[in-house]
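Commentary on secondary and tertiary structure
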Amino acid sequence: MTEQLTKPSESGGPGGAKRPAGDGTPARRLPRLVVAGRDLTLEAGLALLLIAFVAVAGSTTDAFLTEGNITNLLKQMVTTGLLAYGMLTVILTGGIDLSVGSVVAFSGIVAAGLSSGLPVPLAMLVGIVSGMGFGLLNGTLVARFQLAPFVVTLAALTTIRGLAFVYSETPVAPEKEGFFELGSAVLGPIPVSTLIMLGVFLFGGIFLSRTPAGRSLVAIGGSAETVRLAGIGVRRHIVLAYTISGACAGLAGVILASRVGIAQPSVGTAFELDAIAACVIGGASLAGGKGSVRATFAGVLVLALINNLLNLYDVQSFWQQVLKGLIIVAVILVQRTGKARTS
């Protein structure tokens, strides 16, 4: 692997236009980090941002670097991480999935409810499969009937949330101790649920970058017509993307119910916004065709650190929403400025 720090020619202006000779205007482009031919500037910038967050947190509060807080941080980021990977697969195709928060609630409460009469693994599997089924339905409506993803998944958001309340209007507390193991077990210093999320990102990254199906998902977001002319089934790949998103949301719901020890039909409200924010912070284009699994994972870490720090600073919940929104906007503006200067 070769590594080099490249700096674009200072003779060219934005968009490749050359500056007038002798105008004396200094070049304002920023250097890019290219490793083995791959531009890792965004990932490097997010890594620096994470280091800055950790440095600030470690120097301003004694509780941040404690074992208990780090373990809690690793557990809390699982839900957003799983949702963000599923959301990324959909965004890459040019779509959006607003239903994932409701799927989290439905899958969790179904798994918790069924665990009293079924073996715990089977109850959890039913919860995950239910999420996969909702994703399959969303994908079919989008791909087969050419409906707008925003409209389809917005309708699914309200429908699935309603179904969660139909299943149980009150929180469901699992009775079997085995139900809590998935969310509480640790392997060495790392929670098992976090390892599951890391596995999803690892194999999900390989899927998107090394398999024909994964590459097709990315290509569809760039130009669905070109993919169709190449003989690749656009519809079935779009269905696949939404099914993956639903499966990730179902898994997140089951793990969340196992971790907190209770499943509520109201949980998961606005979870879809955190998932979208993680993808956007990671540089994914909502127009489709562009996104990085590594950078999305970095976006998940940024959001988790923001939430953790605001909790440690005992910031009230409504101010947390305000500050988190402003920080996300600031991060995205910095990214856009950097892109403009490196393009």
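We now turn to the structure provided with this report. Note that residues are indexed from 1 along each chain, following the sequence as it is written. The predicted nature of this model means local features are confined to residues of pLDDT at least 70 and side-chain atom pairs, given and counted, to a pLDDT of 80 or more, with totals for whole chains, interfaces and linings taken over all residues. Heavy atoms throughout the structure, all of them, feed into the side-chain values; hydrogens and water do not.

Bringing the layout of surface pockets into the picture now. Empty space within the second largest pocket amounts to approximately 920 Å³. Lining residues are those with an atom within 4 Å of a point, where the points come from a 1 Å grid over the protein atoms alone and group into cavities, where a 1.4 Å probe fits but cannot get out, or pockets, open sets with protein on both sides within 12 Å along at least five of seven lines. Forming the boundary of the second largest pocket are 38 residues, of which Thr 80, Phe 271, Asp 274, Asn 307 and Lys 324 lie nearest the centre. Numbering goes from the N terminus for both helices and strands, where a helix is a DSSP run of H or I of at least four residues and a strand is a run of E of at least two. Residue assignment for the lining of the second largest pocket shows that the elements contributing at least two residues are α2 (67–92), α3 (100–114), α10 (234–260), α11 (271–281), α12 (293–312) and α13 (317–342). Residues are grouped as follows: Ala, Val, Leu, Ile, Met, Phe, Trp, Tyr, Cys and Pro are nonpolar; Asp, Glu, Lys and Arg are charged; all remaining types, including Gly, are polar. Of the residues that constitute the lining of the second largest pocket, the class distribution is 20 nonpolar, 15 polar and three charged. Grid points are joined across faces, edges and corners, and a volume is the space filled by probe spheres set on the points.

When a carboxyl oxygen of Asp or Glu is within 4 Å of a side-chain nitrogen of Lys or Arg, the pair counts as a salt bridge. Summed over all chains, the structure comprises one salt bridge. A salt bridge links Arg 228 to Glu 225; the shortest N-O distance between them is 2.5 Å. Linking Arg 228 with Glu 225, this pair stays in helix α9 (residues 224–229), spanning three residues, or about one helical turn. Type-normalised accessible area, obtained with a 1.4 Å probe on protein chains alone, sets the label of each residue: buried when under 20%, exposed when over 50%, and partly exposed for intermediate values. The class for Glu 225 is partly exposed, based on a relative accessible area of 42%.

So, on to α12. Helix span, expected: 1.5 Å multiplied by one less than the number of residues in the helix. With 20 residues, α12 ought to run about 28 Å at 1.5 Å a step, and its terminal C-alpha atoms sit 29 Å apart, in line with that. The buried count for α12 comes to 14 of 20 residues, which makes it a mostly enclosed element. A distance of 3.3 Å separates the backbone nitrogen of Arg 294 from a side-chain oxygen at the start of α12, and that oxygen is part of Ser 292. We call two N or O atoms a polar contact when they sit within 3.5 Å, provided that within protein one can donate a hydrogen and the other can accept it, with sequence-adjacent residues counted only if both atoms are side-chain atoms.

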